[in-house]
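# A look at the structure
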Amino acid sequence: MPADIMTLEEFQNASSHWSQRRKGHKHLIKIDNALSSYHAIAKNKIEQRISSLKQVMDIAREYADAKKLFVWQDTRRKRKINAAEAVYNQAVVKIKYLKEALLAEKRLPAMFGSGNKTPLQKANSAMGRWAATIKQIRGLQQYIGKPDDGRQLHEHYWREAIDPLHTNWKNPNNNQVFREWKKARYEDNSTMLSFYRWLETQSDEDISRLTRNVGLLPTTYLDEEGREQYRLFFQNRLIKYLKSPAEMLPWGSENNSTNFCGKGWAIFVMSPEGKLYAATHNTATGWFHASFLGGKPVKAAGEIYVKNGIPLVITDKSGHYKPQFTNLCDAVREMNRNGIDISQLQIWSRWTDPHNGKIFTGDDGMRASGIWYMAIDAERYINTGNRNYAMIFDFAIKSGSSGKIKTATAQRLNMSDDQQKEYDEYPIMEVANRGKNHFRGCSIDQYCKAPHVFRF
């Protein structure tokens, strides 16, 4: 949450000068009094604080504007103007945050504990409960869009999208703050405050303790103008970036990195309209898939590996959107429609049951630790719609900069019993660079006889 506006003491120190007495400056004293009144209001009284902040803002703005009319601006006057403008700017930021927090609680009272009862609990009939449910859904859609718009944020990140500062509440450190409020509200009954009212009452020391001295980490959310610098374009069968208003050059992901596949890869999203955006994945600065479109729905999301404008691999790795195989196929179709060369493109997607779409995990029979993946020939699948025909190989993947891909060839069945229980390991980048034909037919499922982690 943004820091509160400066205290009376801080303002007096910022606006005073040793050569002047404060008693003679009645307009400064008006700001002093307004600050004193504001800080006397209880932190959880958000509506009253907003009203008081508006008064502080108006008085500070009026004072600064009046002082700027003087032709002669000495050091003393500049100090006063700078201090008044600082108060004004702080008030603007705080008012915006508090208003958005109140709006979030109004739209989604059940999520943030607003009121003694949720709208569903207050409803006395089936029709009333239905109406309350629809209202909640519509409130949520104000932040994450509608299902018809594309792939929505996963539910674990809804609070992040709703939060005025887009605090990443799924982050273990941040989440401890939310859990502390839930415990106080619903288990200990030590507070009846809604989440944002409770959060305002917490000191910097409280937040530091709960987040292990890290502080609340936000996720960057871009607007339409901000995302344009990450936009990629489809031109002459290649993926390109805009070097200048008059020049486009082939783009490659070699200067990017991701937390999953590592160096040389970029995270990407494709908007519902088919616009492609890509950048480096950076958890320290809050740069995730949700950053590009500001948490709104996407056509597809994941990781991408591109060399000289030619896409070689796309994956489904996005915690924020958790895309399905069909979403990646939609992205490939969009590239194909725009003339992009997809002849070398692989789709790396979590292995799913072709009958029910269930994603296989380590508990479903994997022969190696990691995540079970299938590599699909994008061109074959787009042209035929037959996943079995388009399958290149299956593998387990261990993520990270030193990540490995684990698979096996048919030759392993001719080896000793002990060797048949092993598998071949390759660096992720090596597999991506060798192309789809080198590993075609490999299978950790068929050609490795290591015991299953769990038999289903």
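Preceding this section is the structure that the text describes.
In this text, all values refer to a predicted model and were calculated from it rather than measured experimentally.

### With respect to the overall build of the protein chain
In terms of helices and strands, the protein chain carries 17 helices and 12 strands. Along the first, second and third principal axes, the C-alpha set of the protein chain runs to 95 × 60 × 45 Å. Within the protein chain, the proportion of its 456 residues that are buried is 48%. On the protein chain, roughly 23,300 Å² of surface is accessible, and the fraction owed to carbon and sulfur atoms is 48%. Charge centroids of the protein chain, computed over 67 positive and 49 negative side chains, lie 4 Å from each other.

### Some points on the packing of aromatic side chains
The final tally for this structure, using the stated rule, is 23 aromatic pairs. Between F112 and Y196, the ring centres sit 5.2 Å apart and the planes meet at 45°, which makes this aromatic pair tilted. Highlighted residues: F112 in helix α5 (residues 109–112) and Y196 in helix α10 (residues 195–201), separated in sequence by 84 residues. With respect to burial, F112 and Y196 carry one shared label: buried. The aromatic ring of Y389 is capped on one face by R380, whose charged end is 4.6 Å from the ring centroid.

### Some points on the pairing of strand β11 (residues 404–407)
Where strand β10 (residues 391–398) meets β11, 3 bridges bridge the pair, whose relative direction is antiparallel. Note that in β11 the partner of A396 across the bridge is K406. Relative to strand β12 (residues 424–427), β11 runs antiparallel, the two being bridged by 4 bridges. If you follow K406 over to β12, its bridge partner there is E425.

### Some details on the pattern of salt bridges
If the charged atoms of two oppositely charged side chains come close together, the side chains can form a pair. Counted under the stated rule, the structure contains 21 salt bridges. Between K436 and D377 there is a salt bridge, with the nearest N and O atoms lying 3.1 Å from each other. One end of the pair, K436, is in the segment after α17 (428–434); the other, D377, is in strand β9 (residues 371–377), with 59 residues separating them in the sequence. D377 carries the same exposure label as K436, and that label is buried. The partner of E430 in a salt bridge is R434, with the nearest N and O atoms 3.1 Å apart. Taken together, the residues E430 and R434, both in helix α17 and 4 residues apart, mark about one turn of the helix. Counted as one network, the salt bridges with shared partners bring together D4, K43, R49, K94 and E200.

### Concerning the side chain of K299
Tracing the backbone through its elements, the reader meets K299 in the loop between α12 (289–292) and β6 (300–307). For K299, a relative accessible area of 18% corresponds to the buried category.

### Quick look at the state of the cysteines
Disulfides are covalent bonds that connect the sulfur atoms of two cysteines. For the coordinates displayed, the defined rule picks out 0 disulfides. Note on C261: no disulfide assigned, nearest cysteine sulfur contributed by C329 at a separation of 17 Å. The buried category is assigned to C261, whose relative accessible area is 5%. Looking at C329, the relative accessible area reads 1%, which means it is buried.

### Thoughts on the nonpolar core
Across soluble globular proteins, you tend to see nonpolar side chains buried next to one another. If you look at the biggest cluster of nonpolar residues, it comprises 60 residues, and the most contacted ones within it are F195, Y196 and L199. The greatest single-element share of this core, amounting to 11 residues, is contributed by helix α4 (residues 75–107). Sequence-distant contacts of L199, defined by excluding residues within four places in its chain, comprise M1, Y97, W169, V177 and I207. Residues W251, L328, W372 and A408 belong to the second largest nonpolar core, which totals 37 residues.

Quick notes on the rules
Residues numbered from 1 in each chain as written. Predicted model: local features only at pLDDT ≥ 70, side-chain atom pairs only at ≥ 80, totals over all residues. Heavy atoms only, no water. Helix = DSSP H or I, 4+ residues; strand = E, 2+ residues; numbered from the N terminus. Buried < 20%, exposed > 50% of the residue type's maximum accessible area, 1.4 Å probe, protein only. Areas by Shrake-Rupley, 256 points an atom, 1.4 Å probe, with all protein chains shown as cover. Lys, Arg positive; Asp, Glu negative; His and termini not counted. Charge placed at Lys NZ, Arg CZ, Asp CG, Glu CD. Phe/Tyr/Trp six-rings, centres within 6.5 Å; stacked < 30°, edge-to-face > 60°. Lys NZ or Arg CZ within 6 Å of the ring centre and 35° of its normal. Pairing = 2+ DSSP bridges. Salt bridge = Lys/Arg side-chain N within 4 Å of Asp/Glu carboxyl O. Disulfide = S-S within 2.5 Å. Core = buried A, V, L, I, M, F, W, Y, C linked by side-chain atoms within 4.5 Å. Contact = heavy atoms within 4.5 Å.

Fair warning: the whole summary comes from geometry, so function is off the table for now.
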